Structures are given as structure tokens and as C-alpha cells.
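Fold and geometry: a report
This is what each chain is made of:
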Amino acid sequence: MAGEERVERVFQNHSFPFQHCILHDLSLHSATTFQIDSLFLTQFYAILFEVKNISGKLTFRENPRQLIRERDDGQVDAFDCPAAQVERNSELLVLDLWLQSKGINIPVIGVVVLAYPKQIVLVPPKSTPILFPNLIPSYIRKIPQNRPILNEKDLDWLCNTMINSHQIYIPNPLSQTYKIQKHDIRSGVICDKCRHVGMQRISKKGWHCSHCNHISKNAHINAVRDWFLLFGGKMTNKDCREFLHINIDTATRILRSMDLINEGIFKGRTYAMDFSKII
């Protein structure tokens with residue numbers, strides 16, 4: 001979530017001297033349902049941005065197409081290739097009814113965005129650009145613009161049609177997708193300023209980061225959302241306090257303060273997240 005938010009902030013803080021439309025967290029259906037982190041639409045082209053936050057030294061392997069990550073401790077992990085994913089989504093977008101059957105034929109560019117500069121790329125993919133968020137505006141401005149393919153009215157129609165065609169996308173739990181054991185996931189509230197894991201609750205003032213001294217009133221919100229993205233299903237008070245490192249009363253207040261779906265009473269109460277409200 002934090003990586004996508006960094007990209008959104010980049011677009012909020014930059015302007016472009018031509019008509020465009022920016023859509024975030026867009027879920028569409030073509031041959032299958034696919035999700036786009038950020039889509040930048042213009043009269044000349046469309047750019048799909050796939051955001052990844054995988055720390056370590058990264059190698060994009062071509063055959064087979066994989067992302068290999070080497071951690072600082074020497075451990076090596078393999079992931080689905082983000083470059084292949086963004087290429088797949090580009091193909092699905094081109095094949096979708098809005099573009100092909102409506103006679104819209106604009107170039108679609110796929111870009112992988114690495115959320116933080118601490119991600120070191122040893123071997124980049126051959127045909128897919130890799131950017132950090134702060135490089136996105138300059139990358140866009142360097143793309144040649146010849147004769148516009150869409151007029152302004154068609155671009156507005158395309159943007160509105162995509163918004164109206166958005167479907168709720170509920171991702172599979174990451175622990176299930178990547179076969180990660182619960183005890184292998186580092187728990188704790190992440191500082192929204194320096195990304196240090198392990199903020200401490202300081203009464204009603206919120207959360208304190210011992211690493212940068214930042215104080216956040218609502219850092220627990222992303223932590224609870226992260227739990228649902230990681231594990232899915234229903235959260236108990238025990239799950240909350242173990243993941244956020246808080247006591248039972250604080251966990252109760254946090255869970256009741258968030259817009260969660262609750263079932264049961266007393267010790268048997270569970271909480272679920274309605275992802276449609278987040279989107």
C-alpha cells in the first residue's frame with residue numbers, strides 16, 4: 001500500500017502541459033479480471049504503472065521469467081516477474097472492449113515502479129522500463145507526442161468509461177500467494193515517515209517511532225489493513241494485539257474505531273474488512 005501511495009503523491013505534486021487522466025487501483029475485466037496500480041491516459045498513449053516494494057538486490061531473469069531477490073543476509077527468494085505482469089496487463093487492456101471493439105488504438109506502455117531507492121537492480125528486464133517514483137514525471141515528459149490519436153471528448157469518455165467499469169478487486173492473501181508462514185512475517189506498526197517497523201503506542205496521542213521520533217495518530221490503520229492483505233479471513237482481538245504489539249484494551253478500541261464488519265460477542269468476536277470501502 002505504501003508504494004502505491006508514494007506514486008499517488010508524485011502525481012498529486014506534478015502537473016503536465018497536456019490533457020490527461022490518472023486512475024489508481026483500477027480493476028477491470030477483459031479476458032480475465034486484472035488490476036492496475038496506476039494508469040496514465042493521454043490523447044497519445046496510455047501508461048500502466050506496476051508498483052513493487054521488494055527490498056534487496058533484484059535480478060530480472062528472462063528464461064524463465066522471474067524476479068530473484070537477494071537479501072542482505074544472503075537469503076535468495078523468487079517471485080513472479082513484475083515485468084511480465086505489466087506486459088500481461090497491457091495486453092489485457094488493449095484487448096478490452098473499450099479499446100479494440102470501440103476502434104480505439106493507442107499505444108500502451110508498461111512500466112515497473114520500485115517504491116524505494118533502497119531496492120537495488122542488478123539485472124533489469126530487457127524491454128520494460130524500471131523507475132523510482134520521483135523519476136515518473138521526467139519519464140512522461142520525454143515520451144514523444146506526435147499527432148493526437150484521441151480528441152479531448154474521446155479521452156474524457158474513455159476515462160469515465162473505465163471508472164464506471166471498475167470492479168471490486170479483492171486480492172488473495174499474500175501469505176497464501178507466496179506460501180509464507182505466519183511466523184516468518186515481521187509484525188509491528190510501520191512508521192509512515194521512515195518505514196521503520198515497530199512504532200510504539202503512546203496513549204491517546206498515537207504512535208511513536210523510536211527511529212526518527214515521528215508521531216502518527218493513525219499509523220495503526222495501515223497496520224490492520226496489512227494484516228488482512230497478508231492473512232485474509234477474520235481478525236480476532238488476539239490477532240490484532242499480537243500483530244500491532246498492544247494490549248487487549250487498545251486492540252478493542254482500535255478494532256471498534258475502524259469501519260470493519262464484526263461478528264459474535266465478547267471473546268468470540270471477529271472482524272473482517274470490506275475492501276470495497278477502501279477502494
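Just above, that's the structure.
As a convention, each chain's residues are numbered from 1 in the sequence order in which they are written. Since the coordinates come from a predicted model, pLDDT governs what is reported: local features require at least 70, and pairs of side-chain atoms require 80 or more to be given and counted, while whole-chain, interface and lining totals use all residues. The side-chain numbers reported here are obtained from all heavy atoms of the structure, hydrogens and water having been left aside.

Considering the packing of helix H7 (residues 219-231) against helix H8 (residues 237-244)
- Every angle, taken between N-to-C directions, lies between 0 and 180 degrees, and every axis is a line fitted to C-alpha atoms, over only the stretch in contact when it is a helix. Strands here mean DSSP runs of E at least two residues long; helices mean DSSP runs of H or I at least four residues long; both are numbered from the N terminus. H8 packs onto H7 with a crossing angle of 115° between their chain directions and a minimal axis gap of 11 Å. By the angle class used here, H7 and H8 are roughly perpendicular. For the pair H7 and H8, the sense of crossing is right-handed. Residues His220, Ala223, Val224, Trp227, Leu230 and Phe231 of H7 pack against Asp239, Phe243 and Leu244 of H8. Throughout, the term roughly parallel applies to angles under 35 degrees, roughly antiparallel to angles over 145, roughly perpendicular to angles from 65 to 115, and oblique to all others. Put simply, a crossing is left-handed when the front helix is turned counterclockwise from the back one by less than a right angle, and right-handed when it is turned clockwise. By definition, residues are in contact when any of their heavy atoms lie within 4.5 Å.

Brief notes about the sheet that holds strand E12 (residues 215-216)
- Strand order across the open sheet formed by 3 strands is E10-E11-E12, with antiparallel pairing between neighbours. Both outer strands of the open sheet, strand E10 (200-201) and E12, are each paired with one neighbouring strand and no more.
- Pairing between strands is defined by DSSP: at least two bridges between the two strands are required. Sheet analysis places strand E11 (residues 207-208) next to E12, joined by 2 bridges and oriented antiparallel. Bridge pairing in E12 places tryptophan 207 opposite serine 216.

Overview of the sheet that holds strand E1 (residues 20-29)
- Strand order in the open sheet made by the 5 strands is E1-E2-E3-E7-E9, with mixed pairing throughout. Two strands bound the open sheet, and with one partner strand each, they are E1 and strand E9 (130-131).
- Here strand E2 (residues 33-42) runs beside strand E3 (residues 46-52); their pairing, made up of 4 bridges, is antiparallel. Directly across from serine 38, in E3, lies its bridge partner phenylalanine 49.
- The strands that helix H5 (residues 152-164) touches are E1 and E2; relative to E1, the one it contacts most, it runs at about 35°.

Some remarks on H7
- By definition here, a helix of n residues has an expected span of 1.5 Å times n minus one. Relative to the 18 Å expected for 13 residues at 1.5 Å per residue, H7 spans 19 Å between its end C-alpha atoms, a close match to the ideal helical length.
- Think of it in three bands: residues with accessible area under 20% of the maximum for their type are buried, residues over 50% are exposed, and the middle band is partly exposed, with areas taken using a 1.4 Å probe on protein chains only. Residues of H7 that are buried: Ala219, His220, Ala223, Val224, Trp227, Phe228, Leu229, Leu230 and Phe231.
- Once H7 finishes, glycine 232 follows within two positions and takes phi at roughly 65°, a positive value.

Structural notes on the pattern of salt bridges
- The term salt bridge refers to a side-chain nitrogen of Lys or Arg lying within 4 Å of a carboxyl oxygen of Asp or Glu. With the rule as written, the count across this model stands at 7 salt bridges.
- The partner of arginine 65 in a salt bridge is glutamate 62, and the shortest N-O contact between them spans 3.9 Å.
- Across the pair lysine 182 and aspartate 239 runs a salt bridge whose closest N-O atoms are separated by 3.6 Å. Placement of lysine 182 in the loop between helix H6 (174-177) and E10 and of aspartate 239 in helix H8 is noted, with a sequence separation of 57 residues between them.
- The class of lysine 182 is partly exposed, set by a relative accessible area of 46%.

Considerations on the environment of leucine 255
- Its location among the elements puts leucine 255 in helix H9 (residues 248-257).
- Expressed as a C-alpha distance, the spacing of leucine 255 and isoleucine 221, which sit 34 residues apart in the sequence, is 9.5 Å.
- In contact with leucine 255, other than residues within four places in its own chain, are Met235, Thr236, Asn237, Cys240, Leu260 and Tyr271.

Description of the packing of aromatic side chains
- In this scheme Phe, Tyr and Trp rings, the latter by its six-membered ring, pair at centre separations within 6.5 Å, and the angle between planes marks the pair as stacked below 30 degrees, edge-to-face above 60, and tilted otherwise. By the definition in use, this model includes 8 aromatic pairs.
- With 5.2 Å between their ring centres and 70° between their planes, phenylalanine 16 and phenylalanine 40 make a pair best called edge-to-face. Placement of phenylalanine 16 in the loop between helix H1 (2-12) and E1 and of phenylalanine 40 in strand E2 is noted, with a sequence separation of 24 residues between them. Side by side, phenylalanine 16 and phenylalanine 40 carry an identical accessibility label, which is buried.
- Between phenylalanine 18 and phenylalanine 40, the ring centres sit 6.3 Å apart and the planes meet at 85°, which makes this aromatic pair edge-to-face. Taken as a pair, phenylalanine 18 in the loop between H1 and E1 and phenylalanine 40 in strand E2 lie far apart in primary sequence, 22 residues in all. Each member of the pair phenylalanine 18 and phenylalanine 40 is classed as buried.
- Each residue in the set Phe11, Phe16, Phe18, Phe40 and Phe49 is aromatic and connected to the rest through ring pairs, giving one cluster.

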